[in-house]
Amino acid sequence: MSLPEPLAEDIRAAMDSFGGARPAMLESLRLIQHAEGWVSDARLAEVAELLGVTPAELDNLATFYSMIFRRPVGETVILLCDGASCWLNGADAVRDAVMARLGIGFGETTGDGKYTLINCACLGGCDHAPAAAVGRDRRLVGPLAPEDLAPLLEAAP
Amino acid sequence: MSETPMTGRARPDRTPHSLAEWRAEAGYEAVERALKLTPAQVLDRVDQANLNGRGGAGFPAAQKWKFMADPAEAPGTGPNYLIVNGDEMEPGAFKDRFLLEALPHQVIEGAIITAYATHATVAYVLIRDEYRPGIAAMKRAIAEAEAAGLLGRDILGSGFSLTMKVKPSAGRYIVGEETALIESLEGKRAVPRKRPPFPAQSGLFGRPTTVNNVETISLVPHILANGPQWFRALSRTEEGGTKLYAVSGRVNKPGLIEAPMGTTARELIERSGGLSGNGKLRCFQPGGGASGFLEEAELDLPLDFGHCKTAGSMFGTGTMIVLDQTACPIGVLARHQRFYARESCGWCTPCRDGLPWVARILDALEEGTAEPGDLEILRMTAAEAGPRGRSFCDLMGGAMAPLATGLARFGDLFEAHLDGGCPIRRGVL
Ligand SMILES: Cc1cc2nc3c(=O)[nH]c(=O)nc-3n(C[C@H](O)[C@H](O)[C@H](O)COP(=O)(O)O)c2cc1C
Ligand code: SF4
Ligand code: FES
């Protein structure tokens, strides 16, 4: 497999826009992840080649920035806020309910590949606490309740 | 003229204005005015307005701008840069999300004026990855402004040019620290830089750079539109302007409130539907997770940078976290410290090793497995590693502020946790 042309084009555009290959590295990883959900070793190597940097340099960034995923994720990624304002409004009960319902813990993906659950810093949605960001658009949902997880689980991927 | 100049034009559902709609509401008039003045005159007006940065430290905006040399006089070649900081990850902060989503043209106006005053010709807006609607709104607004000649070459025939770009981030709270942000934009891991040199001397790609918060930038157009005297008169204190306060935690209607600088916690809590829980206040943090706890006695403190500091706390992001008496400040601290520990960039030892230690002890206190000596470790860490200058950047000091004030104000509650875990949760207190 080689890098699909639209992606390669976006990465070249990022190089033009952000001042060269190096400043475009993080954006390139984001673009890959947008298209494919995560960044595989193969893609990492292809992007490195396109940018003219080493895969190690690129991975050095990928492992620092927490929202770049270097492992496959489910169709829908759920970022569940573990910040204080959400905790003050019952986030622990929501967390327990989601974990029980999906049968997974933080950092895990359901066996059917549908959901990945990740704990996340304050999402800037404390006015919707307890809150989460769901799916590829990181749609903010909340206030969540343990007895109604539909807003979390039924959001589009 | 409105009492809520910054948010008055926003729509309840946060749909941003098109350029035409924004212009119909006096949009870009401030830019027209500014570009008829000299950069020095613009800077002078902002100076007279007493605008303090809204990103956390409260540094006067104009004073920072004064350090920006004319690009021709700075060593090396390249432009001056402006960076608008929209990384917003401080626990309890959700104000910049709103300004980016609902009022993107206001951010552009502020960026044009700030760039003009600081001789910058390239501006980046760095936005945290989770703020997708804000990223989209800013991109769209920038494209519209470019098409209309409000960005790009020779803006409104003034001879001044500005290129503006959105750079989405990809997680990590430390990216919001201004020198780490610059490293990140250069394509590196976001580890803070040594200062001096300050960004105004040597910032992005070694060039003079100004970093300002989204809210700071959003206020700038109003100073130019209505004048510094008017801007100062918006405030109840010495610090100019209105503030986009946020209230969350144990209140009935958490949300954003634009109000005069110096508004009190009592008023803000009241306007947020009052306390939830048992309706009695235990404490509050006035400015996000890194601000020290305040209590009942400080309910009538005018909330601004100066007053919060005098009261032994910090105004920070001006986004309050409120606890009623059925909420445990040690539980809040435990969440905060886990967050700061996780977000440490790992560069210096007090932060990298100290924070996880503190977080583990707080968890143990909550669970009832902590030992008496643990409190001594917390006190020691807060006292030794907390003060400014003991770590490479302010993440560690910020994290220690609520711990130190928590230990000082709620010592008995800490002790009570030694006896079987959180006494509030167990219902014995
Ligand atoms: C760990 C850390 C995180 C920070 N995060 C942010 C942030 O997300 N947004 C922000 O505007 N400032 C943040 N700051 C403050 C910036 O370093 C800088 O002071 C600010 O952006 C300057 O803007 P202002 O002068 O307009 O306030 C952070 C500081 C530290 C130490
Ligand atoms: S204080 Fe923490 S975040 Fe700041 S430089 Fe040191 S390790 Fe990094
Ligand atoms: S604490 Fe959860 S969104 Fe802010």
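Residues numbered from 1 in each chain as written. Chains lettered and ligands numbered in written order. Predicted model: local features only at pLDDT ≥ 70, side-chain atom pairs only at ≥ 80, totals over all residues. Heavy atoms only, no water.

### Some words on the pattern of salt bridges
Thought 1: What the rule picks out here adds up to 45 salt bridges over all chains.
Thought 2: Put simply, Arg342 of chain B and Asp82 of chain A hold a salt bridge, and the shortest N to O gap is 2.7 Å. With one member in each of two chains, Arg342 of chain B in helix α13 (residues 329-343) and Asp82 of chain A in the loop between β1 (76-81) and α5 (84-87) form a pair that bridges those chains.
Thought 3: Taking relative accessible area as the criterion, Arg342 of chain B reaches 32% and is therefore assigned partly exposed.
Thought 4: Under the relative-accessibility criterion, Asp82 of chain A is labelled partly exposed at 24%.
Thought 5: Between Glu366 of chain B and Arg335 of chain B there is a salt bridge; the shortest N-O distance is 3.0 Å. With Glu366 of chain B in helix α14 (residues 349-367) and Arg335 of chain B in helix α13, this pair connects stretches of sequence that are 31 residues apart. There is no split in this pair, since Glu366 of chain B and Arg335 of chain B are both buried.
Thought 6: What emerges from the salt-bridge pattern is a single network uniting Asp92, Arg95 and Asp96 of chain A together with Arg335 and Glu366 of chain B. (Salt bridge = Lys/Arg side-chain N within 4 Å of Asp/Glu carboxyl O. Helix = DSSP H or I, 4+ residues; strand = E, 2+ residues; numbered from the N terminus. Buried < 20%, exposed > 50% of the residue type's maximum accessible area, 1.4 Å probe, protein only.)

### Here's the deal with the pairing of strand β1 (residues 80-86) of chain B
Residue and element names in this part refer to chain B.
Thought 1: In terms of burial, β1 is a largely internal element, seven of the seven residues being buried.
Thought 2: Neither face of β1 is exposed, since Asn80, Leu82, Val84 and Gly86 on one face and Tyr81, Ile83 and Asn85 on the opposite face are all buried.
Thought 3: Two elements, β1 and strand β4 (residues 209-213), share five bridges in a ladder whose sense is parallel. Within the sheet, the bridge partner assigned to Ile83 lies in β4 and is Val211. (Pairing = 2+ DSSP bridges.)

### Structural notes on the packing of aromatic side chains
Thought 1: Summed over all chains, the structure comprises 12 aromatic pairs over all chains.
Thought 2: Counting every residue linked through ring pairs, the aromatic cluster contains Phe18 of chain A together with Tyr81, Tyr124 and Phe205 of chain B.
Thought 3: A cation over an aromatic ring shows up here: Lys167 of chain B above the ring of Phe18 of chain A, its NZ or CZ 4.7 Å from the ring centre.
Thought 4: Its end group placed over the ring of Phe64 of chain A, Arg172 of chain B keeps NZ or CZ at 4.3 Å from the ring centre. (Phe/Tyr/Trp six-rings, centres within 6.5 Å; stacked < 30°, edge-to-face > 60°. Lys NZ or Arg CZ within 6 Å of the ring centre and 35° of its normal.)

### Digging into the site of ligand 2
Thought 1: Cys345, Trp347, Cys348, Cys351 and Cys393 of chain B are the nearest of the 13 residues found near ligand 2.
Thought 2: A breakdown of the residues in the shell around ligand 2 according to their chemical character gives 10 nonpolar, three polar and no charged. (Near = heavy atom within 4 Å. Nonpolar A, V, L, I, M, F, W, Y, C, P; charged D, E, K, R; others polar.)

### What about the packing of helix α3 (residues 39-49) of chain B against helix α6 (residues 104-117) of chain B?
All names here are of chain B.
Thought 1: Look at α3 against α6: their axes get within 8 Å of each other, and the N-to-C directions meet at 115°. Viewed along their axes, α3 and α6 form a crossing whose handedness is left-handed. Within the contact between the two elements, α3 uses Pro39, Val42 and Leu43 and α6 uses Ile113, Tyr116 and Ala117.
Thought 2: Class assignment of the residues belonging to the contact of α3 with α6 gives a composition of six nonpolar, no polar and no charged. (Axes fitted to C-alpha atoms, helices over the stretch in contact; angles between N-to-C directions. Left-handed = near helix turned anticlockwise from the far one by under 90°. Contact = heavy atoms within 4.5 Å.)

### A closer look at the site of ligand 1
Residues and elements named next belong to chain B.
Thought 1: As a matter of local geometry, ligand 1 sits amid 18 residues, with Gly55, Lys64, Asn212, Asn213 and Thr216 nearest to it.
Thought 2: Separating an oxygen atom of ligand 1 from a side-chain N or O atom of Asn85 is a distance of 3.0 Å.
Thought 3: A distance of 3.1 Å separates an oxygen atom of ligand 1 from a polar atom in the backbone of Glu88.
Thought 4: Here ligand 1 loses 89% of its free accessible area of 610 Å² to cover by the protein chains. (Polar contact = N/O pair within 3.5 Å; in protein donor to acceptor, adjacent residues only side chain to side chain. Areas by Shrake-Rupley, 256 points an atom, 1.4 Å probe, with all protein chains shown as cover.)

### Describing the domain arrangement of chain B
It is common to report an interface's size as the accessible area lost on association of the parts.
Residues and elements named next belong to chain B.
Thought 1: Per the domain assignment, the segments making up chain B are domain 1 (19-230), domain 2 (242-324) and domain 3 (329-417).
Thought 2: Spacing between the C-alpha centres of domain 1 and domain 3 amounts to 34 Å.
Thought 3: Carbon and sulfur atoms make up 70% of the surface buried where domain 1 meets domain 3, a total of about 990 Å² over both sides.
Thought 4: Taken as a group, Pro91, Arg172 and Tyr173 account for 43% of the area that domain 1 buries against domain 3, more than any other trio of residues on that side.
Thought 5: Here Glu343 makes a salt bridge to Arg172, at a shortest N to O gap of 3.6 Å.
Thought 6: Across the contact surface, domain 1 and domain 3 share three residue pairs in polar contact (both at pLDDT 80 or more). (Domains from an automatic or database assignment. Buried area = accessible area lost by both parts, 1.4 Å probe.)

### Quick look at the pairing of β4 of chain B
Thought 1: Of all five residues in β4 of chain B, five are buried; the element is thus mostly enclosed.
Thought 2: Side chains Thr209, Val211 and Asn213 of chain B of β4 of chain B all project onto a buried face; the interleaved residues Thr210 and Asn212 of chain B project onto the opposite face, where all are buried too.

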